[in-house]
Amino acid sequence: MHRLAVTFVGLSAAALSGLGAQAQAGTISSELLRATGHGASQLTTRAACGSAAAGRIRCYARVLTVKSTGKPASLLRVPHAASPTVTHASSAAAAPQEYTAGFLQSAYDTTWLSANRGTSDTVAIVDAYGDSNAYSDMEQFRSANGLPAQQTCTGSITTSCFEVVNQSGQTTNLPTNANDETDSWNIEESLDIDAVSSLCPLCKILVVEAKSDDDRGRPDLETAVSEAATLGANQISLSWGADVSPDSSAYSSPYSSITSSAVLAAAGDDSYPGPDVGYPAALPSVTAVGGTSLAADSSSARGFDESAWSTETCSGDATCATESGCDTSQAVPSYQDDVTTECDGRAYNDISADADPETGLDIYDSQSGDEGCGTSNNWCIVGGTSLSTPLTAALEAVTGISSTGPAWTYNDASLLNDIVSGSDGTCPSGWSLICNSATGWDGPTGNGSIDGDLVAGGPGIGAQPNAINVLAASATVSGEVNPNDPSSSADTSAYWQYGPTTSYGSTTTAASLPSGTSFQGTGATLSLGQPCTYHYRLVATNAIGTVYGYDHTVTPSQTTTAPANTVAPSISGSAAIGQQLTAQNGTWSGVDCDTTYQWQEASSADASSWTPISGATSATYTPTSSDAGLFLEVVVTESNAAGSTPEASAPTTEVPTPAVATTGTGTTSTTTTTSPPTPTTTTTTTTTTTTPPGDAATTTTTLRFYRCARTCTLIDTRNAKTYRPVKADYGRYIKVVTTVAHIAGNVETDTTSTRWVGPVTSATAGDISLGSGARVASAMIVRGSTGKPLAQVRIAQHIAGRLTLVVRRKTTAATQVLAFVVNGGQVVSGTAARSLSRPATLSFVLKRGQTIRLVAVRT
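1. Some remarks on the overall build of the protein chain
Line of reasoning, step 1. Looking only at helices and strands, the protein chain features ten helices and 54 strands.
Line of reasoning, step 2. In the protein chain, which comprises 859 residues, the share counted as buried stands at 54%.
Line of reasoning, step 3. Taking as baseline every contact in the protein chain between residues at least 6 positions apart, the subset at least 24 positions apart corresponds to 69%.
Line of reasoning, step 4. Surface accessibility of the protein chain: about 33,400 Å² in total, with carbon and sulfur atoms responsible for 48%.

What follows is the structure, given as structure tokens:
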């Protein structure tokens with residue numbers, strides 16, 4: 001598990017654990033501005049489902065919108081920050097962005113649980129109408145949030161999978177959204193699925209779609225709830241309800257008869273509802289889920305501020321906030337006998353989680369118009385108790401809570417995050433706790449917000465460690481670890497990794513931590529060899545699991561002098577085509593934190609200006625034919641915090657051109673071609689050969705055909721002059737090398753040319769091209785020659801010429817993907833065939849004029 005935290009020097013985590021935190025409006029507004037480009041004053045929220053007519057159920061999703069345009073707000077940058085690595089240390093992770101799955105995992109201490117638990121659990125989501133894009137939209141969300149891909153359920157795949165059924169449990173005859181009169185249960189369904197995916201990505205997600213939200217005479221949603229229980233769901237999440245006069249007997253079916261599943265219902269989003277109460281949330285067998293506002297805060301012990309989602313004005317001058325209430329038509333439930341609620345009946349809520357749309361979840365919904373997100377990239381930020389309810393269901397799943405009612409929230413109240421501030425309205429006299437947050441139970445947030453500390457698991461790590469007492473050669477770091485180990489059986493320890501890069505390289509001695517379920521301080525002194533920026537992270541481990549904290553940096557006391565060169569750089573190796581040259585850095589005084597290289601060329605050794613060679617920025621360089629007749633040098637630049645100093649080497653000798661052979665009179669042109677082992681644009685040089693006049697001359701032509709992906713393999717064509725592609729060529733390029741040998745007397749002149757043909761496609765293959773102008777978050781479909789979709793391609797990242805793609809298959813057939821970097825019809829590089837049984841991630845660096853040719857092939 002993982003939780004953001006900050007160490008306060010001189011004040012223990014235990015002393016801080018009881019302090020209440022309130023999500024400050026200024027903090028939320030600054031987060032919104034940074035994440036969406038709009039401050040809180042420029043935003044409002046609208047109900048996804050609008051107002052429900054009498055006899056209809058209303059969904060509680062609320063969409064964050066821009067006041068000036070009415071359009072949904074979404075994050076400025078996609079992909080989202082993924083949650084940190086928790087099972088291996090292959091890479092360093094930055095702290096996750098607000099409004100993402102990783103952020104929610106950190107806030108609710110489920111990072112380890114989310115990565116390791118839930119495979120045996122089924123969370124059911126019950127909504128009205130249908131969403132034909134539910135699965136593909138979920139996969140887009142999961143990929144962008146660093147969550148594992150989810151399989152669809154089959155006869156043999158019944159766990160950790162995704163399934164949609166109608167209210168009768170059938171996987172066919174699913175409802176559509178054609179009769180959705182309240183505008184968009186579609187967004188509601190996407191929010192519910194993405195919320196469960198965020199905290200329990202390994203769970204089976206069962207979506208039960210009711211024919212309608214009509215509650216008059218044919219309660220379709222209640223029928224769907226019963227079906228979810230029949231199908232064996234452990235948790236059933238209901239992000240909908242209705243505010244009506246207290247009459248529990250009219251709304252108790254089927255909830256009072258479900259004993260094998262935990263039913264969780266959203267409290268509602270319209271603030272304290274007056275004398276009305278919300279059903280089904282108010283029923284004693286149902287866990288009522290309220291809402292909070294959640295924001296990161298490096299000054300709090302927990303690392304977050306959280307308060308009740310409090311009364312605010314939303315679109316149409318309506319009042320929004322979490323709902324809560326007291327249902328006097330029911331007796332006090334036994335689990336509330338010893339709890340002060342000020343209610344002579346069933347008081348609610350029981351528990352809470354993030355619901356404020358201003359601190360909500362950025363979801364993906366591709367449905368067009370208002371039925372979906374309605375943004376250019378199909379992302380939008382959504383909240384409401386429609387968010388807090390599936391989050392709570394997912395929390396129950398990853399913690400393995402077996403209770404089917406709300407009693408556990410009272411028995412384990414001390415392990416929840418007690419929310420002590422915020423109000424959802426004005427209650428009648430004597431009912432202050434129903435509307436106002438306070439220590440212990442209160443109506444808006446129940447017994448507190450969800451928390452992974454409910455069960456032992458991998459340790460939690462503070463994501464905001466401090467670097468204190470920073471000196472020229474050392475720095476003291478401190479952070480917090482929650483052992484999540486009440487019985488000391490797991491033996492938790494912590495250590496620090498650090499180094500000049502995110503590969504770290506150095507490790508401190510592990511420190512043992514006492515048992516417990518609260519954060520404990522731990523620290524160490526890092527030995528720094530030079531005053532350059534160092535990366536560091538905290539690692540905590542116990543018998544249950546190992547968790548790697550987020551990457552941070554520290555810069556020791558700064559030098560005031562840039563590096564100075566005392567012995568100039570030099571070049572070793574022979575300046576000849578195809579011969580590698582190596583830069584020798586020379587000697588420098590002062591501190592060197594970073595070294596860069598740039599190879600340059602000029603027409604003379606004493607040229608006043610030199611031309612940088614594009615892409616030649618490593619410590620080695622191999623001259624090509626384009627360098628023939630030129631001189632080369634390398635510029636080495638050393639940098640530290642005070643500045644950068646470049647210094648050029650002495651030039652090489654002139655790169656020689658190929659020799660000219662003279663044997664008599666008459667001339668013949670010859671071309672020598674150099675081709676590396678991987679597909680690449682050929683380089684050619686031209687020489688002149690002289691032959692004796694009158695000698696007999698013969699000319700022979702040889703064709704060789706190569707099948708190319710990552711490498712090129714010679715195809716045995718038995719010296720044929722033509723070649724017809726076969727199935728093994730699909731998706732590949734064919735490289736045709738033509739050699740013309742001209743023999744005159746005793747001199748042979750060879751002319752070699754290379755041509756690329758492809759990619760080879762058929763009805764089971766298709767391809768697309770992506771240029772350097774491709775946009776992040778854009779997506780496209782690769783179709784076969786018959787037009788059938790084969791794969792979907794999403795551009796996950798495009799930074800400094802590096803293009804990262806995520807490819808998923810769009811057919812049930814086994815499919816492979818290959819990719820080639822192409823320049824002017826010539827293949828520069830290629831990949832091996834990658835299976836799309838799982839989404840494939842491909843990354844390339846594109847130079848000017850280059851494009852990516854992506855090929856999908858059914859196998």
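Read on for the rest.
2. As for the pairing of strand β38 (residues 631–640)
Line of reasoning, step 1. Of all ten residues that make up β38, ten are buried, and the element is covered over most of its length.
Line of reasoning, step 2. Burial of β38 is two-sided: the residues Phe631, Glu633, Val635, Thr637 and Ser639 facing one way and the residues Leu632, Val634, Val636, Glu638 and Asn640 facing the other way are all buried.
Line of reasoning, step 3. Judged from the nine bridges that link them, strand β35 (residues 594–602) and β38 form a sheet pairing that is antiparallel. When the sheet's bridge partners are listed, threonine 595 is paired in β38 with glutamate 638.
Line of reasoning, step 4. Between the end of β38 and the start of strand β39 (residues 643–648), which pair antiparallel, lie two residues.

3. Re the packing of helix α5 (residues 134–144) against helix α6 (residues 185–199)
Line of reasoning, step 1. Where α5 meets α6, the axes come as close as 10 Å, and the angle between the chain directions of the two elements is 45°. Compared by their axis directions, α5 and α6 come out oblique. Note on packing geometry: the crossing formed by α5 with α6 is right-handed. Along its contact with α5, which presents Ala134, Asp137, Met138, Phe141 and Arg142, the element α6 presents Glu189, Ser190, Ile193, Asp194, Ser197 and Ser198.

4. As for the pattern of salt bridges
Line of reasoning, step 1. Under the definition given, this model contains seven salt bridges.
Line of reasoning, step 2. The partner of glutamate 163 in a salt bridge is lysine 204, and the shortest N-O contact between them spans 3.5 Å. Taken as a pair, glutamate 163 in strand β6 (residues 161–166) and lysine 204 in strand β7 (residues 204–210) lie far apart in primary sequence, 41 residues in all.
Line of reasoning, step 3. Of the charged contacts in the structure, one is a salt bridge between aspartate 350 and arginine 346, with a shortest N-O distance of 2.8 Å. Both residues of the pair, aspartate 350 and arginine 346, count as buried.

5. A closer look at the sheet that holds strand β3 (residues 62–66)
Line of reasoning, step 1. Read across the sheet, four strands follow the order β1-β3-β20-β19 without closing on themselves; strand pairing throughout is antiparallel. Looking along the sheet, the strands with just one partner apiece sit at the ends: β1 (43–47) and β19 (361–364). Ignoring strand direction, the axes of neighbouring strands in this sheet form an average angle of 45°.
Line of reasoning, step 2. When β19 meets strand β20 (residues 379–383), the two strands line up antiparallel, connected through four bridges. Residue pairing for β20: isoleucine 363 is matched across the bridge by cysteine 380.
Line of reasoning, step 3. Sheet contacts for α6: β3, β19 and β20; angle to β19, the most-contacted strand, approximately 115°.

6. Some points on the state of the cysteines
Line of reasoning, step 1. Counted by the stated rule, this structure contains eight disulfides.
Line of reasoning, step 2. Sulfur-sulfur distance for the disulfide between cysteine 314 and cysteine 320 comes to 1.9 Å. Its torsion about the S-S bond being 80°, the disulfide of cysteine 314 and cysteine 320 is classed as right-handed. Comparing cysteine 314 with cysteine 320, the two get one shared label, buried.

7. Considerations on the environment of glutamine 792
Line of reasoning, step 1. With respect to the secondary-structure elements, glutamine 792 resides in strand β48 (residues 789–799).
Line of reasoning, step 2. Remark: the alpha-carbon pair of glutamine 792 and threonine 811, spanning 19 residues in sequence, is separated by 9.8 Å.
Line of reasoning, step 3. Discounting residues that sit within four places of it in the chain, glutamine 792 has contacts with Gln140, Met780, Ile781, Val806, Val807, Arg808 and Lys810.

8. What to know about the confidence of the model for the protein chain
Line of reasoning, step 1. Counting all residues, the mean pLDDT for the protein chain is 82, and 85% of those residues have values of 70 or more.
Line of reasoning, step 2. Low confidence marks residues 1–21, where pLDDT is under 50. Its contacts with residues over four positions away, or in another chain, come to 88 contacts.
Line of reasoning, step 3. The model gives residues 81–90 a pLDDT under 50, and that stretch makes 29 contacts with residues more than four places away or in other chains.

9. A short note on unusual backbone geometry
In terms of backbone geometry, most residues other than glycine have negative phi values and most peptide bonds are trans.
Line of reasoning, step 1. With an omega of 10°, the peptide bond between tyrosine 279 and proline 280 qualifies as cis.
Line of reasoning, step 2. Along the chain, proline 280 turns up in the loop between β11 (277–279) and β12 (287–296).
Line of reasoning, step 3. Glycine 758 connects to proline 759 through a cis peptide bond whose omega is 0°.
Line of reasoning, step 4. Following the sequence through the fold, proline 759 ends up in the loop between β45 (747–757) and β46 (765–770).
Line of reasoning, step 5. One non-glycine residue, tyrosine 504, lies in positive phi territory at about 60°.

10. Some thoughts on the sheet that holds strand β37 (residues 620–621)
Line of reasoning, step 1. On the basis of which strands lie adjacent, the open sheet formed by three strands has the order β32-β33-β37 and antiparallel pairing. Unpaired on one side and paired on the other, β32 (570–572) and β37 mark the two borders of the sheet.
Line of reasoning, step 2. Taken together, the three bridges between β32 and strand β33 (residues 581–584) define a ladder with antiparallel strand orientation. Following the sheet pairing, serine 570 is matched in β33 by glutamine 584.

11. Structural notes on the packing of α6 against helix α8 (residues 385–399)
Relative placement of two packed helices is described by the angle separating their axes and the distance separating the axes.
Line of reasoning, step 1. With their axes 8 Å apart at the nearest point, α6 and α8 run at an angle of 35° to one another. In this structure, α6 meets α8 at a crossing whose hand is right-handed. When α6 is examined against α8, the residues Glu188, Leu191, Asp192, Ala195, Val196 and Leu199 are found in contact with a partner set consisting of Ser386, Leu387, Pro390, Leu391, Ala394 and Val398.

12. Focus: the packing of aromatic side chains
Line of reasoning, step 1. Scanning the entire structure with this criterion turns up eleven aromatic pairs.
Line of reasoning, step 2. On the numbers, 4.7 Å between centres and 75° between planes, the contact of tyrosine 733 with phenylalanine 820 is edge-to-face. Placement of the pair is tyrosine 733 in strand β44 (residues 733–744) and phenylalanine 820 in strand β50 (residues 815–823), with a sequence separation of 87 residues.
Line of reasoning, step 3. The structure contains a cluster of three or more aromatic residues connected by ring pairs, namely Phe141, Tyr364 and Trp379.
Line of reasoning, step 4. In this structure, lysine 735 is placed above the aromatic ring of tyrosine 706, and the distance from its NZ or CZ to the ring centre is 5.0 Å.

13. Quick word on the environment of threonine 45
Line of reasoning, step 1. Within the fold, threonine 45 resides in strand β1.
Line of reasoning, step 2. The class for threonine 45 is buried, based on a relative accessible area of 4%.
Line of reasoning, step 3. Each C-alpha atom of the pair threonine 45 and glycine 384 lies 9.7 Å from the other, and the pair is 339 residues apart in sequence.
Line of reasoning, step 4. Here arginine 62 takes part through its side chain, which lies 3.2 Å from a polar atom of the side chain of threonine 45.

14. Side note on the environment of valine 225
Line of reasoning, step 1. By the element assignment, valine 225 lies in helix α7 (residues 220–230).
Line of reasoning, step 2. Of the residues examined, valine 225 reaches a relative accessible area of 0% and is grouped as buried.
Line of reasoning, step 3. For the pair valine 225 and valine 208, spaced 17 residues apart in the sequence, the C-alpha separation amounts to 7.8 Å.
Line of reasoning, step 4. Leave out the neighbours within four places in its chain, and valine 225 touches Val126, Ile236, Leu238, Trp240, Pro254, Tyr255 and Ile258.

The rules behind the values
Residues numbered from 1 in each chain as written. Predicted model: local features only at pLDDT ≥ 70, side-chain atom pairs only at ≥ 80, totals over all residues. Heavy atoms only, no water. Helix = DSSP H or I, 4+ residues; strand = E, 2+ residues; numbered from the N terminus. Buried < 20%, exposed > 50% of the residue type's maximum accessible area, 1.4 Å probe, protein only. Contact = heavy atoms within 4.5 Å. Areas by Shrake-Rupley, 256 points an atom, 1.4 Å probe, with all protein chains shown as cover. Pairing = 2+ DSSP bridges. Axes fitted to C-alpha atoms, helices over the stretch in contact; angles between N-to-C directions. Parallel < 35°, antiparallel > 145°, perpendicular 65-115°, else oblique. Left-handed = near helix turned anticlockwise from the far one by under 90°. Salt bridge = Lys/Arg side-chain N within 4 Å of Asp/Glu carboxyl O. Disulfide = S-S within 2.5 Å. pLDDT = per-residue confidence, 0-100. Phe/Tyr/Trp six-rings, centres within 6.5 Å; stacked < 30°, edge-to-face > 60°. Lys NZ or Arg CZ within 6 Å of the ring centre and 35° of its normal. Polar contact = N/O pair within 3.5 Å; in protein donor to acceptor, adjacent residues only side chain to side chain.

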